[in-house]
Amino acid sequence: DLYSGGQLSDRFGRRKIILIGLSLCFCCQFGLAFAKTYTMFITFRILAGISMMMFQMNSLIFINELFPGTTRPLLCIARSVLGTMGLLVEAAVYYFIPVWNSIHYGNAALMLTGLICIILPESPHWLLVNRGPEEATVVLRKMARWNGRGDMGDKIQLDTPPTTKEGGSIVTLLKSRQYSFTSLRLFYQWFLVALLNYSFLYSMDKVAGAFIVNFMIQAVVPIPFGVFTSLVMRFVGRKKALFINLSIIVIACAFCMANINLGGGWTTERFAVVIATKWGVGCNWMVVTLLTNESLPTSIRATVQSTGSMVGRIGVFLAPFVGKLMDISPYLMYGMFIGLTLIGMLTGWWLPETRNKDLKGTIATEGEMELKKC
């Protein structure tokens, strides 16, 4: 994550890394489909994971840097809906072609749709920071013409001189007191989302029934919750959306504990767990991602986001052990979730509100390059 999805993007550009990642992942799918040995399969699987991070993480940044702040929350839910469609397509492919390697052929076909990035321009924010105002101006004028606003595009002038290139580096980040503390708070949110999401998933067999039920919960239920969260982010604020989602987790877990204490049935607890996972946890991933993109400057944005993803992996590793707490005591698991979520609410209090704020260009406090109205 840190290098393939982050530092390479901050150094060479969003569009290039996305296209390289898509191409590499496309080739890896055929390697997986035709793998003859376990070693060959694992090798291609590792390469596919690395390449997937190259385009998955950078696609989020690419979206946030190409579109204005009022549009970003809606694009987050659009991405989530398209991801759901991808899950359903893959499930359909495997259903009609029940061969283990058919899923990789389906993945390869989906990779081809990502080649639309060939016609997209490089991020103007990245160009402004790394190449100067001339190339960024060219891209902005092209985008204006595509949207039928060529008259406005001709008026665009970015005269801000480029500052010293900082490059994507965690060391650079840690030298900045303001952004280092913000990043640490965001990293905890990444950890919390991953830990809660996968811990709930590992314990779902005890509260949500069959695998097909879990699949539909994962694929379909998030859509209405995601729409609500995106509207809150757009019209109310990112931090408020964060607090609403975290509050939903606390309320749902407390309800599960009360339901068990009162001898309630599994149906009620299933409903509460679905709410907690797919509204509180699933939708909060959108909020944390958007906050990360909007809180950090362009020069290290991809590096910080990929580092947050790596921190989230710690939560993924711990999730199976946390999910096992359900076997010991449901009170213990839900109580831990409530405690961790309350810490998330406390640390989230000091995160900056990024709604209607400009994206920062560099860490430097003076001479920051910004694209206004974005």
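Look a little higher up for the structure.
Each value, and the rule that gives it
- Residues numbered from 1 in each chain as written.
- Predicted model: local features only at pLDDT ≥ 70, side-chain atom pairs only at ≥ 80, totals over all residues.
- Heavy atoms only, no water.
- Helix = DSSP H or I, 4+ residues; strand = E, 2+ residues; numbered from the N terminus.
- Buried < 20%, exposed > 50% of the residue type's maximum accessible area, 1.4 Å probe, protein only.
- Contact = heavy atoms within 4.5 Å.
- Areas by Shrake-Rupley, 256 points an atom, 1.4 Å probe, with all protein chains shown as cover.
- Salt bridge = Lys/Arg side-chain N within 4 Å of Asp/Glu carboxyl O.
- Phe/Tyr/Trp six-rings, centres within 6.5 Å; stacked < 30°, edge-to-face > 60°.
- Lys NZ or Arg CZ within 6 Å of the ring centre and 35° of its normal.
- Core = buried A, V, L, I, M, F, W, Y, C linked by side-chain atoms within 4.5 Å.
- Patch = residues over 30% accessible without salt bridge, like charges linked within 9 Å, V, L, I, M, F, W, Y side chains within 5 Å.
- Expected span 1.5 Å × (residues − 1).
- Arc of directions from axis to C-beta.
- Axes fitted to C-alpha atoms, helices over the stretch in contact; angles between N-to-C directions.
- Parallel < 35°, antiparallel > 145°, perpendicular 65-115°, else oblique.
- Left-handed = near helix turned anticlockwise from the far one by under 90°.
- Nonpolar A, V, L, I, M, F, W, Y, C, P; charged D, E, K, R; others polar.

Asks: Can you help me understand the overall build of the protein in this one?
Replies: What the protein contains, in helices and strands, is 17 helices and zero strands. Every one of the 374 residues in the protein was classed for burial, and the buried ones make up 49%. In the protein, once contacts between residues fewer than 6 apart in sequence are set aside, the share between residues at least 24 apart is 80%. Entry remark: accessible area of the protein is about 17900 Å², with carbon and sulfur atoms responsible for 70%.

Asks: What exactly am I supposed to notice about the pattern of salt bridges here?
Replies: A side chain with one charge may pair with a side chain of the opposite charge, provided their charged atoms come close. Taken as a whole and assessed by the stated rule, the structure comprises five salt bridges. Here Arg14 and Glu65 are joined by a salt bridge, their closest N and O atoms 2.9 Å apart. With Arg14 in helix α2 (residues 14-33) and Glu65 in helix α3 (residues 38-66), this pair connects stretches of sequence that are 51 residues apart. With respect to class, Arg14 is no different from Glu65; both count as buried. Among the salt bridges present, the one from Glu65 reaches Arg301, with a minimum N-O distance of 2.5 Å.

Asks: I'm lost on the packing of aromatic side chains in this one. Help?
Replies: Pairs of aromatic rings are described using the distance from one ring centre to the other and the angle between the two planes. Applying the stated rule across the entire model yields three aromatic pairs. With centroids separated by 5.2 Å and ring planes inclined at 75°, the aromatic side chains of Phe26 and Phe30 adopt a geometry described as edge-to-face. Taken together, the residues span about one helical turn, with Phe26 and Phe30 both in helix α2 at a distance of four residues. Residue classification places Phe30 among the partly exposed residues on the basis of a relative accessible area of 34%. A ring pair is formed by Phe243 and Trp349, whose centres lie 6.0 Å apart and whose planes are at 90°; its orientation type is edge-to-face. With a gap of 106 residues between them, Phe243 in helix α13 (residues 238-261) and Trp349 in the segment after α17 (330-348) connect regions that are remote in the sequence. One cation-aromatic arrangement involves Lys239 over Trp349; the distance from NZ or CZ to the ring centre is 5.7 Å.

Asks: Looking at this structure, I do not really get the nonpolar core. What am I missing?
Replies: Across soluble globular proteins, nonpolar side chains have a tendency to be buried as a group. Counting residues in each nonpolar core, the largest one holds 45 residues, and the members touching the most others are Leu196, Phe200, Leu242, Cys253, Tyr334 and Phe337. With 11 residues, helix α10 (residues 177-203) is the single largest residue contributor to this core. When near neighbours in sequence (up to four residues on either side) are disregarded, Leu242 contacts Gln189, Asn284, Val287, Val288, Leu291, Gly348 and Leu351. Phe62, Leu66, Met111 and Trp126 belong to the second-largest nonpolar core, a separate cluster that totals 16 residues.

Asks: Help me understand a nonpolar patch on the surface in this model?
Replies: The grouping of Tyr38, Ile42, Ile46, Leu47 and Ile50 at the surface amounts to a nonpolar patch, some 480 Å² of accessible area in total. As for its position among the elements, Ile46 is in helix α3.

Asks: How should helix α7 (residues 133-146) be read in this particular structure?
Replies: Along an α-helix, a turn takes 3.6 residues, which lines up residues three or four apart on a common side. Under the 1.5 Å per step criterion, the end-to-end length of α7 is 20 Å for 14 residues, consistent within 8% with the ideal 20 Å. Of all the residues in α7, the buried ones are Pro133, Ala136, Thr137, Val139, Leu140, Met143 and Ala144. Taken end-on, α7 shows its buried residues confined to a sector of 165°, consistent with a single buried face. Counted as exposed and oriented over 90 degrees from the buried face of α7: Glu134, Val138, Arg145 and Trp146.

Asks: For this particular structure, what's the right way to read the environment of Ile251?
Replies: Among the secondary structure elements, Ile251 is positioned in helix α13. By relative accessible area, Ile251 is classed as exposed at 56%. In sequence terms Ile251 and Ala272 are 21 residues apart; their C-alpha atoms lie 8.8 Å from each other.

Asks: Help me understand the packing of α3 against helix α15 (residues 301-323), please; the structure alone is not making it clear to me.
Replies: Angle between the axes and distance between the axes: these two values describe a pair of packed helices. At a minimum axis separation of 10 Å, α3 and α15 run at an interaxial angle of 130°. Considering the angle they form, α3 stands oblique to α15. Taken as a pair, α3 and α15 cross one another with a handedness that is right-handed. Residues Met53, Met57, Asn58, Leu60, Ile61 and Glu65 of α3 touch α15, and the partners they reach there are Arg301, Ala302, Gln305, Ser306, Ser309 and Arg313. In terms of residue class, the contact of α3 with α15 is made up of five nonpolar, four polar and three charged.

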